[in-house]
Amino acid sequence: MQGNGFKILLIVGFLAYFLYELSPTVIWNLEQKQIAEMPAPEAETYERENAERLSNIRDQILSLGLDLQGGMHVTLEVGTPQLISELAGEDRDALLVDVINTARQNAEANDTDFIDEMVVEFESRDENARLSRYYRSDVDNITRRSTNEEVVVYLKNQRDAALDRAIEIVRTRVDRFGVSEPSIVKQGTTRIIAELPGVSDEQRVFDLLKGTARLEFRTGADAQDFSNFRTRAIQYYDVVPDSSSDSLSQPIATNQLVDLLGFLQQQSPYIFGYASAEDTAAVMALLKDPEVQQMMPRNTTVLWGSNPVSFTDGLEQYALFGVNTTAELTGEVIEEASIQFDPTTNIPEVAMGMNSEGARVWGRVTGANIGKPVAIVLDNYVVSYPNVIGKITGGRSSITGLESVEEAEDLVNILMSGALPAPLEIIGSRTVGATLGEASIEAGLSSIIIGLSIVAIFMIVYYRKGGAVADIALTLNIVFILGVLASFGAVLTLPGMAGIVLTIGMAVDANVLIFDRIREEQRSGKTIKAAISSGYSNAMSAIIDANVTTGFVAIILYSFGVGPIKGFAVTLLAGICCSLFSAIVITRVVIDYLSRNKAEAVSFG
């Protein structure tokens, strides 16, 4: 044991530290078992009274991945065509819009890069034309004389920047949503993979992730002009019955726009009408008719409300508002947002504070529109349409008409996370049920226990007391691996459990090399102490080579892998370090202790 004092200190220190790191996980599981055995009312009371303590414990436990805990796996794609179209700004014309639409169809059909397809389509129409007529950037030195190749590089850089920015915003939204240990990574040039353990409210997550969060403050349309437009648009769809018909029945006039819309007697002059959710697209298609669009007052457009209006008969319909096309303010001026409750109705609303420039413009806009409505528009839906009572100074405003506290929380989350640089489209999702996760945990634990038992029996049968020492080190090795994962806040996944099983084999492999070397040294006539010393020394190079090689593989998997592959790599790296420590340090300390006095106190078969 002489000279092993530092090693013993390391073993005891590591063991104490890793048991401390794993203690919240053990306590949490015991608490959950206790709560599960309680009657429902008692369990609810217990959780409420111990909410803070349970929350603190949960924050420190070894987190489980999506495949073990259950949750959602969502694939999002950045809307590159929309981004490229918006980058053109006011220079965008019908030709560019047509080129973008055609390139999008070709890219989807051929599974190719959209920007490359756009250039091919653009040059096919005029090989001498330059994309620089649409795109300029002083920062990136894109001028009128820039070649198409230079513009393509600029557009791809903008796309990469938009994807990176979208990942940051999605991560911020998910963190504010309260998801523990989410995984949000880039895939290719346009996609984001989000793994959200423990999440089951699919629709709420979809709304949270894909919302662009483009907040705008717009003044209402001119009341008289908008009322005239509504009358003329309705008249446009009047169908006069044919009076010359020979039919004996009374001819009836029809109007498909009126059939889709509902109207109120005391309707606001700023509201075109009301429609049910399934009719909103049809109404908007009728109003997009070119001749109807020509009737629309200048600088005016129509937008649907984000929430339905409940009528006395229980019918819920959405209002179609008339607003100015130009936004007076955007969400960039918002510095803070928080949930407040109306003191009269106790309905939640979102209060917002603006920066100094926003407050100045907001004061001017509200001062010039007293008695008129101002629309607060989020992602092209009117979320609030209040009438201005007086000039608002100080940059304060609020969004009302929210249905629940959860909706208010999500809106605050989105506003404070910032606007996405381009729309995100959800192109795939799957939900892993908690039951499937529990089955995976049971299967993973069974594989570890069975594998460990077989290896332990083999080591004892083949190497006798030396094998028993290796088994002790093997058990401590698993504790160390879980402790490392817990202390670094890593996530244990199903592939991660496979990594633990793999490291069990690697740890045993190191002991097999050492013990066989010791047996060879004993057969050459060396004493047990000399054989142990030579066995460890001679086996060291082979053990280091094997583990370093595997370590490089794990680093490559971690660097280029995503999701489960990265989880496997993390567990494998932790397992390599722990197995080296257990196989070389722990077994050596125990074997030195057993062989300190009697030469035959430890045998190797």
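Quick caveat: nothing in here was measured; it's all calculated off a predicted structure.

Which residues make up unusual backbone geometry, and what values do they have?
Across the chain, the bulk of peptide bonds are trans and the bulk of non-glycine residues have phi less than zero. In this structure, Asn299 takes a positive phi of about 60° despite not being glycine. Classification of Asn299 as partly exposed rests on a relative accessible area of 37%. Phi is positive for Arg464, which is not a glycine, with a value near 55°. Among the structural elements, Arg464 can be located in helix α16 (residues 434-487). Of the residues examined, Arg464 reaches a relative accessible area of 51% and is grouped as exposed.

Which residues make up the packing of helix α2 (residues 40-49) against helix α3 (residues 51-60), and what values go with them?
Contact geometry of α2 with α3 gives a least axis separation of 4 Å together with a crossing angle of 75°. Compared by their axis directions, α2 and α3 come out roughly perpendicular. Within the contact between the two elements, α2 uses Tyr46, Glu47, Arg48 and Glu49 and α3 uses Ala51, Arg53 and Leu54. Partitioned by chemical class, the residues of the contact of α2 with α3 number 3 nonpolar, no polar and 4 charged.

Could you give me a rundown of a nonpolar patch on the surface, with the residues and numbers involved?
Taken together, the side chains of Ile544, Val548, Phe552 and Ile555 make up a nonpolar region of the molecular surface, amounting to roughly 350 Å² of accessible area. Inspection of the secondary structure puts Phe552 in helix α18 (residues 528-560).

How would you sum up the pattern of salt bridges? Please name residues and give values.
Evaluation of the coordinates by the stated rule reveals 15 salt bridges. Where Asp116 meets Lys156, a salt bridge forms, and the shortest distance between an N and an O atom there is 3.0 Å. A residue pair is termed long-range when its members are at least 10 positions apart, and Asp116 in helix α7 (residues 114-125) and Lys156 in helix α8 (residues 148-177) qualify at 40 residues. Relative accessible area serves as the criterion here: at 36%, Asp116 is assigned to the partly exposed category. Residue classification places Lys156 among the partly exposed residues on the basis of a relative accessible area of 25%. Of the charged contacts in the structure, one is a salt bridge between Arg125 and Glu121, with a shortest N-O distance of 2.9 Å. Linking Arg125 with Glu121, this pair stays in helix α7, spanning 4 residues, or about one helical turn. Taking the relative accessible area as the measure of exposure, Glu121 reaches 16% and is therefore buried.

Tell me about the packing of aromatic side chains, and name the residues and values.
Per the counting criterion, the structure on display carries 16 aromatic pairs. Note on Tyr134 and Tyr135: the rings are 6.5 Å apart at their centroids and 65° apart in plane angle, and the pair reads as edge-to-face. Accessibility assignment for this pair places Tyr134 and Tyr135 in one class, buried. A connected cluster of aromatic rings, assembled from ring pairs, spans Phe14, Tyr17, Phe18, Phe480 and Phe581.

Could you give an account of the sheet that holds strand β13 (residues 334-341), with specific residues and numbers?
Pairing within the open sheet is antiparallel, and its 3 strands lie in the order β13-β14-β17. With partners counted over all chains shown, the strands left at the sheet margins are β13 and β17 (396-399), one partner each. Neighbour-to-neighbour, the strand axes of the sheet open up by a mean angle of 25°, direction not taken into account. Pairing analysis gives 4 bridges linking strand β14 (residues 348-354) to β17, with the strands arranged antiparallel. For Val350, the partnering residue across the bridge sits in β17 and is Ile399. Each of β14 and β17 touches helix α14 (residues 356-368); the most contacted strand, β14, lies at about 110° to it.

Before we move on, can you summarise the nonpolar core with the specific residues and values?
In terms of nonpolar packing, the biggest core is built from 48 residues, with Phe515, Ile518, Ile591 and Phe604 touching the most fellow members. Of all the secondary structure elements, the ones that give two or more residues to this core are α1 (5-37), α16, α17 (494-523), α18 and α19 (564-594). Of the residues forming this core, the biggest block, 15 residues, is contributed by α16. With residues up to four places along the chain from it excluded, the contact list for Phe604 reads Tyr462, Tyr463, Gly466, Phe515, Ile518, Arg519, Gln522, Ile528, Ile532 and Ile591. Core analysis: the second largest hydrophobic core is formed by 24 residues, Met72, Ala162, Val170 and Val199 among them.

Got a sec to walk through the confidence of the model for the chain? Specific residues and values, please.
Taken residue by residue, the chain gives an average pLDDT of 83. The fraction at 70 or more is 92%. Predicted confidence in the chain is weakest over helix α15 (residues 405-417), with a mean pLDDT of 73, and strongest over strand β9 (residues 300-304), with 92.

So what about the environment of Val377? Which residues, and what values?
You can see Val377 is positioned in strand β15 (residues 374-378). The spacing of Val377 and Glu216 is 161 residues in sequence and 5.0 Å in space, taken between C-alpha atoms.

Hey, could you go over the environment of Leu209 for me, with residue numbers and the actual values?
Inspection of the secondary structure puts Leu209 in helix α9 (residues 202-210). What makes Leu209 buried here is its relative accessible area of 0%. Separated by 40 residues in sequence, Leu209 and Ile169 have C-alpha atoms that sit 9.0 Å apart. With sequence-adjacent residues up to four places away left out, Leu209 is seen in contact with Val74, Leu76, Val170, Arg173, Val174, Leu420 and Leu424.

Quick one: what's the story with helix α10 (residues 223-236), residue by residue and with numbers?
Given a rise of 1.5 Å per residue, 14 residues ought to cover 20 Å, and the 20 Å separating the end C-alpha atoms of α10 matches this to within 8%. For α10, the complete set of buried residues consists of Phe226, Ser227, Phe229, Arg230, Ala233 and Ile234. Seen from one end, α10 has its buried residues packed into an arc of 160°, which puts them on one side. Its side-chain oxygen at 3.3 Å from the backbone nitrogen of Gln224, Asp222 defines the N-terminal cap of α10.

Before we move on, could you go through the sheet that holds strand β3 (residues 183-187) and cite the residues and values that matter?
Note: strands within a sheet are paired through backbone hydrogen bonds, in either parallel or antiparallel orientation. Taken in spatial order, the 4 strands make up an open sheet running β3-β4-β2-β18, and their pairing is antiparallel. The open sheet has two edge strands with one neighbour each: β3 and β18 (424-432). Each strand of the sheet is rotated relative to its neighbour by a mean of 15°, with strand direction disregarded.

Let's hear about the pairing of β14: which residues, and what values?
A regular strand places its side chains so that they alternate between the two faces of the sheet. When you tally the buried positions in β14, you get 7 out of 7 residues, the bulk of the element. Bridge analysis of β13 against β14 gives 7 bridges, and the strand direction is antiparallel. Each bridged residue has a counterpart across the sheet, and for Ser338 the counterpart in β14 is Ala351.

Could you give an account of the side chain of Ser132, naming the residues involved and the relevant values?
With respect to the secondary-structure elements, Ser132 resides in the loop between α7 and α8. Ser132 sits in the buried class, given a relative accessible area of 1%. In terms of polar contacts, Ser132 uses its side chain to reach the backbone carbonyl oxygen of Ser146, at 3.4 Å. Excluding anything up to four places from it in sequence, Ser132 contacts Thr143, Arg144, Ser146 and Val151.

Break down the pairing of strand β16 (residues 381-384) for me, with residues and values.
Of the pairings in the sheet, the one linking β15 to β16 comprises 3 bridges and is antiparallel in character. The partner of Leu378 across the bridge, within β16, is Tyr381. Joining the antiparallel neighbours β15 and β16 is a turn of 2 residues, in which Asp379 adopts a positive phi near 50°.

Reading the values: rules and limits
- Residues numbered from 1 in each chain as written.
- Predicted model: local features only at pLDDT ≥ 70, side-chain atom pairs only at ≥ 80, totals over all residues.
- Heavy atoms only, no water.
- Buried < 20%, exposed > 50% of the residue type's maximum accessible area, 1.4 Å probe, protein only.
- Helix = DSSP H or I, 4+ residues; strand = E, 2+ residues; numbered from the N terminus.
- Axes fitted to C-alpha atoms, helices over the stretch in contact; angles between N-to-C directions.
- Parallel < 35°, antiparallel > 145°, perpendicular 65-115°, else oblique.
- Contact = heavy atoms within 4.5 Å.
- Nonpolar A, V, L, I, M, F, W, Y, C, P; charged D, E, K, R; others polar.
- Patch = residues over 30% accessible without salt bridge, like charges linked within 9 Å, V, L, I, M, F, W, Y side chains within 5 Å.
- Areas by Shrake-Rupley, 256 points an atom, 1.4 Å probe, with all protein chains shown as cover.
- Salt bridge = Lys/Arg side-chain N within 4 Å of Asp/Glu carboxyl O.
- Phe/Tyr/Trp six-rings, centres within 6.5 Å; stacked < 30°, edge-to-face > 60°.
- Pairing = 2+ DSSP bridges.
- Core = buried A, V, L, I, M, F, W, Y, C linked by side-chain atoms within 4.5 Å.
- pLDDT = per-residue confidence, 0-100.
- Expected span 1.5 Å × (residues − 1).
- Arc of directions from axis to C-beta.
- Polar contact = N/O pair within 3.5 Å; in protein donor to acceptor, adjacent residues only side chain to side chain.

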